[in-house]
Amino acid sequence: MVASSQTSMTIRTNKTKATRIPTIDLSMERSELSKLIVQACEEYGFFKVVNHGVPKNVILRMEEEGTEFFAKPSSEKCQVGPATPFGYGCRNIGLNGDMGNLEYLLLHTNPLSISQGSKIIANDPNKFGCAVNDYIEAAKEVAAEILDLVAEGLCVPDKFSLSNLITDFSSDSVFRINHYPSLNQKTELSKHNSDQLDSNNNNIGFGEHSDPQILTILGSNNVSGLQISTFNGFWIPVPSDPDAFFVIVGDSLQVLTNGRFRSVRHRVLTNTIVKARMSMMYFAAAPLNWWIKPLPKMVTPKNPIIYKPFTWAQYKEAAYSLKLGDSRLHLFQA
Ligand SMILES: C=C1C[C@]23C[C@@]1(O)CC[C@H]2[C@@]12CC[C@H](O)[C@@](C)(C(=O)O1)[C@H]2[C@@H]3C(=O)O
Ligand SMILES: O=C(O)CCC(=O)C(=O)O
Ligand SMILES: [Fe+2]
């Protein structure tokens, strides 16, 4: 297992198998920290971070803006949509027929695009724009710090080779706020009475998928629902923790590490939620025309290269032409 009992939470799955989601304390000593992060990325492609240093008010301001927006009448929210790909979306996810029991705002992280979007999203565009920019900057710092620790843990000679991909001003990172109404709330969503159910009668908030980007920093209110899939096929519910962030390894980091890390499949079930869940994700990506390819350090005679180089734009195009749950990495196998 990844971490000692002091640094992980124990969860019992319905198969009564104790499973630990690694919890990483970012205030720990650096060399130990980088080892734990690498281990967590290898074993789960997922971990929780505590003591991340993001001020509580940055998170609360963003949550308040999200709450205010989703409380608006549906007719007003729909004026910010459809999300093709950016803007407000309700039940439709992406452009290929995926559906979920949620509504969301999807924004590019470029400050100009935030400022333009704010004008149609919020009553006080300046307040909304500042809350979003501050949240994005804070999440970007956490993501960059984690990528530097990953580079250290993997003994990559250029310590910034991973974080440089996401901190460049032209990075194609995106920001998303998801809002899942509780099943007993009478909202525009539940009026449709066509909940998305899977074969086990699970109510699907957001269907199973991996994130195409490098790393996702996910924060949520205190309502659970997120589940991750272990690499041997168990679903593990992730208890919510509004003081923590959850880190998700994306497809691009799987490629950069030549398959040593694996992107984690995850989903959100809304079966049991008695209060609306709100989650906020920063999807850290490279600039569109930058190359994604295995770091030289990760390619050895024992671990030959397994992916062809591609630009982020090429990968994104492939991902966006497919359904949410489809796997895409095999298209780029060497
Ligand atoms: C069905 C889709 C939605 C998605 C684009 C895609 O065609 C496949 C990847 C999906 C995903 C998952 C992670 C993020 O939430 C997201 C914004 C992304 O970059 O890839 C979504 C896309 C979306 O909702 O538009
Ligand atoms: O809303 C959540 O908690 C997770 C959503 C998600 O995985 C995504 O938007 O890619
Ligand atoms: Fe995701």
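What counts, and at which threshold
Residues numbered from 1 in each chain as written. Chains lettered and ligands numbered in written order. Predicted model: local features only at pLDDT ≥ 70, side-chain atom pairs only at ≥ 80, totals over all residues. UniProt positions renumbered as here; feature names shortened; annotations may be inferred. Helix = DSSP H or I, 4+ residues; strand = E, 2+ residues; numbered from the N terminus. Rg over C-alpha atoms; globule rule 2.2 N^0.38 Å. Buried ≥ 20, exposed ≤ 12 C-beta atoms within 10 Å, placed from the backbone. Contact = placed C-beta atoms within 7 Å. Axes fitted to C-alpha atoms, helices over the stretch in contact; angles between N-to-C directions. Parallel < 35°, antiparallel > 145°, perpendicular 65-115°, else oblique. Left-handed = near helix turned anticlockwise from the far one by under 90°. Nonpolar A, V, L, I, M, F, W, Y, C, P; charged D, E, K, R; others polar. Pairing = 2+ DSSP bridges. pLDDT = per-residue confidence, 0-100. Near = placed C-beta within 6 Å.

The protein chain carries the name gibberellin 2beta-dioxygenase in an unreviewed UniProt entry, which gives Lupinus luteus as its organism. A UniProt comment under Catalytic activity (unreviewed entry) is attached to the protein chain, and it reads "gibberellin A1 + 2-oxoglutarate + O2 = gibberellin A8 + succinate + CO2". Listed under Sequence similarities (unreviewed entry) in UniProt, the entry text for the protein chain is "Belongs to the iron/ascorbate-dependent oxidoreductase family. GA2OX subfamily."

1. Topic: the overall build of the protein chain
What the protein chain contains, in helices and strands, is nine helices and 15 strands. Over its C-alpha atoms the protein chain spans a radius of gyration of 19 Å, differing by no more than 12% from the 20 Å that the globule rule assigns to 334 residues. Principal-axis analysis of the C-alpha atoms places the extent of the protein chain at approximately 60 × 50 × 40 Å. Out of the 334 residues in the protein chain, the part that is buried amounts to 40%. Long-range pairs, those at least 24 residues apart, make up 70% of the contacts in the protein chain between residues at least 6 apart in sequence.

2. Examining the packing of helix α4 (residues 111-121) against helix α5 (residues 125-153)
A packed helix pair is summarised by two numbers, namely the angle formed by the two axes and the spacing between the axes. Interaxial distance between α4 and α5 falls to 8 Å at its minimum, and their mutual angle equals 140°. Taken together, the axis directions place α4 and α5 in an arrangement best described as oblique. Once α4 is placed against α5, the crossing between them reads as right-handed. Contacts between α4 and α5 involve Pro-111, Ile-114, Ser-115, Ser-118, Lys-119 and Ile-121 from the first element and Pro-125, Phe-128, Gly-129, Val-132 and Asn-133 from the second. In terms of residue class, the contact of α4 with α5 is built from six nonpolar, four polar and one charged.

3. Here we look at the sheet that holds strand β7 (residues 204-209)
In space, the four strands of this open sheet follow the order β7-β12-β9-β10, with antiparallel pairing throughout. Looking at which strands have only one partner, the edges of the open sheet turn out to be β7 and β10 (235-237). Across the sheet, the mean angle from the axis of one strand to that of its neighbour is 25°, orientation sign disregarded. In terms of strand pairing, strand β9 (residues 226-229) meets β10 through three bridges, oriented antiparallel. Paired with Ser-229 across the bridge in β10 is Trp-235.

4. Some words on the confidence of the model for the protein chain
When pLDDT is averaged across the protein chain, the result is 92; 91% of the residues are at 70 or more. Contacts for the low-pLDDT stretch residues 1-7, under 50 throughout, to residues beyond four places or in other chains number 15 contacts. Confidence over residues 10-18 falls short of pLDDT 50; this stretch has 12 contacts with residues more than four positions distant or in other chains.

5. Thoughts on the site of ligand 2
Taken together, Arg-176, Asn-178, Phe-206, Asp-211, Leu-218, Ser-220, Leu-226, His-266, Val-268, Ser-279 and Met-281 make up all the residues around ligand 2. Among the elements of the structure, β6 (174-180), β8 (215-220), β12 (266-269) and β13 (277-284) are those that each provide at least two residues to the shell around ligand 2. Tallied by class, the residues present in the shell around ligand 2 amount to five nonpolar, four polar and two charged.

6. Concerning the site of ligand 1
The full set close to ligand 1 counts 17 residues, and Gly-94, Asp-98, Asp-211, Tyr-320 and Leu-324 are the nearest of them. Looking at the shell around ligand 1, the elements with two or more residues in it are β5 (98-108), β6 and α9 (312-320). Class assignment for the residues of the shell around ligand 1 results in 10 nonpolar, three polar and four charged.

7. Considering the pairing of strand β4 (residues 87-93)
It is a general feature of regular strands that their side chains alternate between the two faces of the sheet. Two strands pair when backbone bridges link them, and β4 and β5 are joined in this way by six bridges, in the antiparallel orientation. Directly across from Gly-87, in β5, lies its bridge partner Leu-106. What sits between β4 and β5 in their antiparallel hairpin is a turn of four residues, with Gly-94 showing a positive phi close to 65°.

8. Things to note about the packing of helix α1 (residues 30-43) against α5
In the contact formed by α1 and α5, the axes pass within 8 Å of each other and the chain directions differ by 95°. Classified by the interaxial angle, the pair formed by α1 and α5 is roughly perpendicular. Here Leu-33, Ser-34, Lys-35, Ile-37, Val-38 and Cys-41 of α1 lie close against α5, whose contacting residues are Ile-146, Leu-149, Val-150, Glu-152 and Gly-153. Class assignment of the residues belonging to the contact of α1 with α5 gives a composition of seven nonpolar, two polar and two charged.

9. Focus on the environment of Ile-236
Position of Ile-236 among the secondary structure elements: in strand β10. In sequence terms Ile-236 and Glu-29 are 207 residues apart; their C-alpha atoms lie 29 Å from each other.

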